[in-house]
Amino acid sequence: MGASLAFCLLGKPALNKLNARPDPVVAVYLNRRNKKGKVMADSHPYISGPGNIAQMVVQLRNSFPATVTSDTVKRLGLASNNESYVINALQFVGVIDPDGKKTKEAADVFSHHKDEDFFASFKELVLKAYSDLFELHGDKAWTLDEDTLITFFRRADQTSVAIGKRQAGTFKVFAAL
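Draft legend 1. Just the overall build of the protein, in detail. Per the secondary structure count, the protein includes ten helices and two strands. Reading the protein from its N end, one meets helices and strands in the order α-α-β-β-α-α-α-α-α-α-α-α. Taken across its 177 residues, the protein has 38% of its residues classed as buried. Put simply, 50% of the contacts in the protein that link residues at least 6 apart link residues at least 24 apart. For the protein, the exposed surface amounts to about 10100 Å²; the carbon and sulfur share of it is 53%.

Below is the structure:
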């Protein structure tokens, strides 16, 4: 772990050499906590084509595989060369765990047949994942304009304009589900 920690402290993500996923021990050092003590990711997710996330959620509603990996996203023909961004976004909102398995919360959400029940439950996942945004803006967060969202994400994560726009787009897709 020493090498991973040193690697992490230099500002680069520490990866488990066997499976190229973040080292769970080192991830503790990388994460921040919200007011309720929940570990939060270093930054909010983003992708250049956030519509791919919506398509993936639709696919998961139809058929949720035992494990969702970058290969799963690739086989579905979604997010070409951006599969890991879809996986990261799904992990961020709590649909899948770091091993790509459906979370307990997601099992409940994705078991709803009626659209209105699914959407109401999915919003709870989004509310929990983006708790820092909702703590600051309350229920208005669902309908914030793009500039306000970009400003929030840039300040929260110290990102560039381009990444802030992508983070805002990703949130808007989740908010619309």
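Draft legend 2. Focus on the packing of helix 3 (residues 51–62) against helix 5 (residues 83–92). Orientation of helix 3 relative to helix 5, taken along the N-to-C sense of each, is 65 degrees, at an axis distance of 10 Å. Between helix 3 and helix 5, the interaxial angle falls into the category roughly perpendicular. Along this stretch, helix 3 crosses helix 5, giving a crossing that reads as right-handed. On helix 5, the residues touching N52, I53, M56, V57 and L60 of helix 3 are V86, A89 and L90. Of the residues contributing to the contact of helix 3 with helix 5, the split by class is seven nonpolar, one polar and no charged.

Criteria and cut-off values
- Residues numbered from 1 in each chain as written.
- Predicted model: local features only at pLDDT ≥ 70, side-chain atom pairs only at ≥ 80, totals over all residues.
- Heavy atoms only, no water.
- Helix = DSSP H or I, 4+ residues; strand = E, 2+ residues; numbered from the N terminus.
- Buried < 20%, exposed > 50% of the residue type's maximum accessible area, 1.4 Å probe, protein only.
- Contact = heavy atoms within 4.5 Å.
- Areas by Shrake-Rupley, 256 points an atom, 1.4 Å probe, with all protein chains shown as cover.
- Axes fitted to C-alpha atoms, helices over the stretch in contact; angles between N-to-C directions.
- Parallel < 35°, antiparallel > 145°, perpendicular 65-115°, else oblique.
- Left-handed = near helix turned anticlockwise from the far one by under 90°.
- Nonpolar A, V, L, I, M, F, W, Y, C, P; charged D, E, K, R; others polar.

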